[in-house]
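A structural walkthrough
The lines below spell out each chain.
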Amino acid sequence: MSEGRRRAGRPAVLTVERIVAAAVRVLDAEGLEALTMRRLGAELGVAAMSLYRHVPSREALLAEVVNRLFAEAATDPGEAAWPEALTGFARSYRRVLLAHPNAVPLLAVHPVDVELGTALLAGLLGAFARAGVAGEEATTAVQSVAVYVLGHALAQVGAPPGGTPGPTGESAFYDGWFEAGLAAMVTGFARHLDA
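Being a predicted model, the structure only gives us computed values, none of them experimental. (Residues numbered from 1 in each chain as written. Predicted model: local features only at pLDDT ≥ 70, side-chain atom pairs only at ≥ 80, totals over all residues. Heavy atoms only, no water.)

1. Points about the pattern of salt bridges
In the structure shown here, the tally under the stated rule is seven salt bridges. Note that E43 is salt-bridged to R25, the shortest N-O span being 3.2 Å. In this pair, E43 is assigned in helix 2 (residues 37-44) and R25 in helix 1 (residues 16-30), connecting sequence segments 18 residues apart. E43 sits in the buried class, given a relative accessible area of 10%. For R25, a relative accessible area of 31% corresponds to the partly exposed category. Note that R130 and E79 form a salt bridge whose closest N and O atoms lie 3.7 Å from each other. Of the two residues, R130 is situated in helix 8 (residues 122-130) and E79 in the loop between helix 4 (58-73) and helix 5 (82-99); the sequence distance between them amounts to 51 residues. (Salt bridge = Lys/Arg side-chain N within 4 Å of Asp/Glu carboxyl O. Helix = DSSP H or I, 4+ residues; strand = E, 2+ residues; numbered from the N terminus. Buried < 20%, exposed > 50% of the residue type's maximum accessible area, 1.4 Å probe, protein only.)

Here it is in C-alpha coordinates:
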(Lines give C-alpha, C1' and ligand atoms only; values in the text may rest on other atoms or scores of the structure.)
Protein backbone atom coordinates (compact mmCIF):
# COMPACT_ATOMS: atom_id res chain seq x y z
CA MET A 1 0.00 0.00 0.00
CA SER A 2 1.33 3.47 -0.88
CA GLU A 3 2.56 5.84 1.80
CA GLY A 4 -0.34 8.12 0.97
CA ARG A 5 -3.12 5.53 1.44
CA ARG A 6 -5.53 6.57 4.16
CA ARG A 7 -8.25 5.03 6.26
CA ALA A 8 -11.71 5.15 4.71
CA GLY A 9 -13.55 8.36 5.57
CA ARG A 10 -10.44 10.35 6.46
CA PRO A 11 -9.18 12.75 3.79
CA ALA A 12 -5.48 12.75 3.06
CA VAL A 13 -3.61 15.83 4.19
CA LEU A 14 -1.82 17.14 1.15
CA THR A 15 1.05 19.58 1.17
CA VAL A 16 3.42 20.59 -1.59
CA GLU A 17 6.24 18.87 0.31
CA ARG A 18 4.32 15.61 0.54
CA ILE A 19 3.35 15.75 -3.11
CA VAL A 20 6.92 16.42 -4.22
CA ALA A 21 8.29 13.62 -2.02
CA ALA A 22 5.81 11.22 -3.61
CA ALA A 23 6.72 12.49 -7.07
CA VAL A 24 10.40 11.75 -6.38
CA ARG A 25 9.47 8.22 -5.24
CA VAL A 26 7.48 7.59 -8.45
CA LEU A 27 10.26 9.09 -10.57
CA ASP A 28 12.90 6.94 -8.88
CA ALA A 29 10.88 3.74 -9.15
CA GLU A 30 9.18 4.11 -12.52
CA GLY A 31 10.83 6.91 -14.49
CA LEU A 32 9.80 10.30 -15.85
CA GLU A 33 7.21 8.97 -18.30
CA ALA A 34 5.29 7.37 -15.41
CA LEU A 35 5.17 10.59 -13.40
CA THR A 36 1.65 11.74 -14.25
CA MET A 37 -0.83 13.49 -12.01
CA ARG A 38 -3.02 10.37 -12.11
CA ARG A 39 -0.12 8.12 -11.05
CA LEU A 40 0.87 10.57 -8.35
CA GLY A 41 -2.70 10.70 -7.06
CA ALA A 42 -2.69 6.90 -6.85
CA GLU A 43 0.59 7.02 -4.93
CA LEU A 44 -0.91 9.45 -2.43
CA GLY A 45 -4.32 7.79 -2.30
CA VAL A 46 -6.19 10.83 -3.61
CA ALA A 47 -7.92 11.87 -6.81
CA ALA A 48 -5.55 13.44 -9.32
CA MET A 49 -7.68 16.59 -9.43
CA SER A 50 -7.01 17.27 -5.73
CA LEU A 51 -3.31 17.69 -6.51
CA TYR A 52 -4.02 20.78 -8.61
CA ARG A 53 -4.97 22.74 -5.50
CA HIS A 54 -1.32 22.53 -4.46
CA VAL A 55 0.57 22.17 -7.75
CA PRO A 56 -1.09 23.92 -10.72
CA SER A 57 0.31 21.69 -13.48
CA ARG A 58 2.63 18.81 -14.25
CA GLU A 59 5.21 21.36 -15.40
CA ALA A 60 5.01 23.10 -12.02
CA LEU A 61 5.38 19.70 -10.34
CA LEU A 62 8.52 18.96 -12.35
CA ALA A 63 9.93 22.36 -11.36
CA GLU A 64 9.33 21.51 -7.70
CA VAL A 65 11.06 18.14 -8.14
CA VAL A 66 14.08 19.80 -9.78
CA ASN A 67 14.31 22.38 -7.00
CA ARG A 68 14.01 19.73 -4.29
CA LEU A 69 16.76 17.54 -5.76
CA PHE A 70 19.05 20.53 -6.25
CA ALA A 71 18.42 21.54 -2.64
CA GLU A 72 19.66 18.09 -1.57
CA ALA A 73 22.95 18.82 -3.34
CA ALA A 74 23.56 22.26 -1.85
CA THR A 75 25.98 22.03 1.03
CA ASP A 76 27.34 24.67 3.38
CA PRO A 77 31.08 24.91 2.75
CA GLY A 78 31.71 26.77 6.00
CA GLU A 79 34.91 28.76 5.74
CA ALA A 80 36.49 26.62 3.00
CA ALA A 81 38.32 28.39 0.19
CA TRP A 82 36.32 28.52 -3.03
CA PRO A 83 38.24 25.74 -4.87
CA GLU A 84 37.46 23.28 -2.06
CA ALA A 85 33.90 24.59 -1.73
CA LEU A 86 33.30 24.25 -5.48
CA THR A 87 34.76 20.73 -5.49
CA GLY A 88 32.57 19.76 -2.53
CA PHE A 89 29.45 21.09 -4.26
CA ALA A 90 30.30 19.17 -7.45
CA ARG A 91 30.73 15.90 -5.56
CA SER A 92 27.53 16.44 -3.59
CA TYR A 93 25.55 17.26 -6.75
CA ARG A 94 26.88 14.14 -8.45
CA ARG A 95 25.91 11.98 -5.44
CA VAL A 96 22.34 13.30 -5.62
CA LEU A 97 22.13 12.74 -9.38
CA LEU A 98 23.42 9.18 -9.15
CA ALA A 99 21.00 8.49 -6.28
CA HIS A 100 18.15 9.59 -8.57
CA PRO A 101 19.23 8.41 -12.04
CA ASN A 102 15.74 8.72 -13.54
CA ALA A 103 15.81 12.42 -12.64
CA VAL A 104 19.06 13.20 -14.46
CA PRO A 105 17.44 13.79 -17.88
CA LEU A 106 14.86 16.04 -16.18
CA LEU A 107 17.52 18.19 -14.55
CA ALA A 108 19.38 18.34 -17.87
CA VAL A 109 16.48 20.14 -19.54
CA HIS A 110 14.66 21.84 -16.67
CA PRO A 111 16.57 24.66 -14.95
CA VAL A 112 16.61 25.20 -11.22
CA ASP A 113 14.70 28.30 -10.06
CA VAL A 114 17.30 31.10 -10.20
CA GLU A 115 16.36 32.75 -6.90
CA LEU A 116 16.23 29.45 -5.05
CA GLY A 117 19.50 28.28 -6.62
CA THR A 118 21.24 31.50 -5.62
CA ALA A 119 19.93 31.21 -2.06
CA LEU A 120 20.96 27.56 -1.78
CA LEU A 121 24.44 28.34 -3.07
CA ALA A 122 24.95 31.44 -0.91
CA GLY A 123 27.70 29.75 1.11
CA LEU A 124 29.55 28.66 -2.02
CA LEU A 125 29.22 32.09 -3.62
CA GLY A 126 30.37 33.60 -0.33
CA ALA A 127 33.59 31.58 -0.57
CA PHE A 128 34.30 33.25 -3.91
CA ALA A 129 33.42 36.67 -2.49
CA ARG A 130 35.87 36.19 0.43
CA ALA A 131 38.60 35.60 -2.14
CA GLY A 132 37.69 38.79 -3.99
CA VAL A 133 36.15 37.02 -7.00
CA ALA A 134 33.44 39.10 -8.65
CA GLY A 135 29.89 37.75 -8.55
CA GLU A 136 29.62 37.26 -12.32
CA GLU A 137 32.89 35.32 -12.47
CA ALA A 138 31.85 33.18 -9.48
CA THR A 139 28.49 32.43 -11.10
CA THR A 140 30.21 31.42 -14.34
CA ALA A 141 32.51 29.02 -12.48
CA VAL A 142 29.67 27.47 -10.46
CA GLN A 143 27.35 27.11 -13.46
CA SER A 144 30.13 25.63 -15.59
CA VAL A 145 30.95 23.01 -12.98
CA ALA A 146 27.25 22.24 -12.41
CA VAL A 147 26.76 21.65 -16.14
CA TYR A 148 29.86 19.42 -16.19
CA VAL A 149 28.47 17.37 -13.29
CA LEU A 150 25.10 17.06 -14.97
CA GLY A 151 26.60 16.07 -18.32
CA HIS A 152 28.87 13.52 -16.69
CA ALA A 153 25.96 12.00 -14.76
CA LEU A 154 23.92 11.87 -17.96
CA ALA A 155 26.77 10.00 -19.68
CA GLN A 156 26.87 7.54 -16.78
CA VAL A 157 23.15 6.85 -16.36
CA GLY A 158 21.74 7.85 -19.75
CA ALA A 159 20.55 5.60 -22.51
CA PRO A 160 21.78 5.63 -26.09
CA PRO A 161 19.08 6.38 -28.68
CA GLY A 162 16.70 3.43 -28.68
CA GLY A 163 18.65 1.71 -25.91
CA THR A 164 18.39 1.15 -22.20
CA PRO A 165 20.20 3.14 -19.52
CA GLY A 166 23.82 2.21 -18.99
CA PRO A 167 24.96 0.44 -15.84
CA THR A 168 25.74 2.69 -12.90
CA GLY A 169 27.92 -0.07 -11.47
CA GLU A 170 31.03 0.81 -13.48
CA SER A 171 31.68 3.38 -10.81
CA ALA A 172 35.47 3.08 -10.59
CA PHE A 173 35.81 4.09 -14.24
CA TYR A 174 33.29 6.92 -13.94
CA ASP A 175 34.66 8.08 -10.58
CA GLY A 176 38.18 8.46 -11.98
CA TRP A 177 36.93 10.19 -15.11
CA PHE A 178 34.75 12.55 -13.07
CA GLU A 179 37.51 13.47 -10.60
CA ALA A 180 40.06 14.11 -13.37
CA GLY A 181 37.69 16.41 -15.23
CA LEU A 182 36.59 18.20 -12.07
CA ALA A 183 40.17 18.82 -10.97
CA ALA A 184 41.02 20.20 -14.41
CA MET A 185 38.04 22.56 -14.34
CA VAL A 186 38.68 23.86 -10.82
CA THR A 187 42.41 24.28 -11.54
CA GLY A 188 41.60 26.10 -14.77
CA PHE A 189 39.22 28.48 -13.04
CA ALA A 190 41.78 29.07 -10.27
CA ARG A 191 44.42 30.06 -12.83
CA HIS A 192 41.96 32.25 -14.71
CA LEU A 193 40.62 34.00 -11.61
CA ASP A 194 44.10 34.56 -10.16
CA ALA A 195 45.35 36.10 -13.42
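Past the structure itself, the notes keep going.
2. Details of the packing of aromatic side chains
On inspection of all chains with the given rule, the structure shows eight aromatic pairs. Considering the side-chain rings of F89 and Y93, the 5.7 Å spacing of their centres and the 15° angle between planes classify their relative orientation as stacked. One end of the pair, F89, and the other, Y93, are both in helix 5, four residues apart, so they sit about a helical turn from each other. Seen from the ring of F178, R94 lies directly overhead, with NZ or CZ sitting 4.7 Å from the centre. (Phe/Tyr/Trp six-rings, centres within 6.5 Å; stacked < 30°, edge-to-face > 60°. Lys NZ or Arg CZ within 6 Å of the ring centre and 35° of its normal.)

3. Topic: the packing of helix 5 against helix 10 (residues 171-194)
At a minimum axis distance of 10 Å, the contact between helix 5 and helix 10 shows a crossing angle of 150°. Overall, the two elements helix 5 and helix 10 adopt an arrangement that is roughly antiparallel. Note that helix 5 runs across helix 10; the crossing there is right-handed. Across the interface between the two elements, W82, P83, L86, T87, A90, R91 and R94 of helix 5 pack against Y174, D175, F178, E179, L182, V186, F189, A190 and L193 of helix 10. The residue inventory of the contact of helix 5 with helix 10, partitioned by class, reads 11 nonpolar, one polar and four charged. (Axes fitted to C-alpha atoms, helices over the stretch in contact; angles between N-to-C directions. Parallel < 35°, antiparallel > 145°, perpendicular 65-115°, else oblique. Left-handed = near helix turned anticlockwise from the far one by under 90°. Contact = heavy atoms within 4.5 Å. Nonpolar A, V, L, I, M, F, W, Y, C, P; charged D, E, K, R; others polar.)

4. Structural notes on the packing of helix 1 against helix 2
Direction vectors running N to C along helix 1 and helix 2 enclose 110°, while the axes themselves pass 10 Å from each other. By the angle class used here, helix 1 and helix 2 are roughly perpendicular. Residues R18, I19, A22, A23, R25, V26 and E30 of helix 1 pack against R39, L40, E43 and L44 of helix 2. Of the residues contributing to the contact of helix 1 with helix 2, the split by class is six nonpolar, no polar and five charged.

5. Examining the side chain of H110
Relative to the elements of secondary structure, H110 occurs in the loop between helix 6 (104-109) and helix 7 (114-120). On the accessibility criterion, H110 (13% relative accessible area) is buried. A polar atom in the side chain of H110 sits 2.9 Å from the side chain of E59. For H110, the contacting residues outside a window of four places in its chain are E59, L62, A63 and V66. (Polar contact = N/O pair within 3.5 Å; in protein donor to acceptor, adjacent residues only side chain to side chain.)

6. With respect to the UniProt feature "DNA-binding region" (unreviewed entry) in the protein
The feature "DNA-binding region" (unreviewed entry), as annotated in UniProt, sits at residues 36-55 in this numbering. Helix makes up 60% of residues 36-55 and strand 0%, and the two end C-alpha atoms of the span are 12 Å apart. (UniProt positions renumbered as here; feature names shortened; annotations may be inferred.)

7. Observations concerning helix 8
Taken as a whole, helix 8 has its buried residues at L124, A127 and F128. Down the axis, helix 8 shows its buried residues gathered within 95° of arc, on one side only. Phi turns positive one or two residues past the end of helix 8, at G132, with a value near 80°. (Arc of directions from axis to C-beta.)

8. So, the nonpolar core
Counting residues in hydrophobic clusters, the biggest one holds 56 residues, and the most contacted among them are W82, L86, F89, Y93 and F128. Secondary structure elements with two or more residues in this core: helix 1, helix 2, helix 4, helix 5, helix 6, helix 8, helix 9 (135-157) and helix 10. Considering each element in turn, this core owes the most residues, 10 residues, to helix 9. Once you skip the residues sitting within four places of it in the chain, W82 turns out to touch A127, F128, A131, V133, V186, F189, A190 and L193. (Core = buried A, V, L, I, M, F, W, Y, C linked by side-chain atoms within 4.5 Å.)

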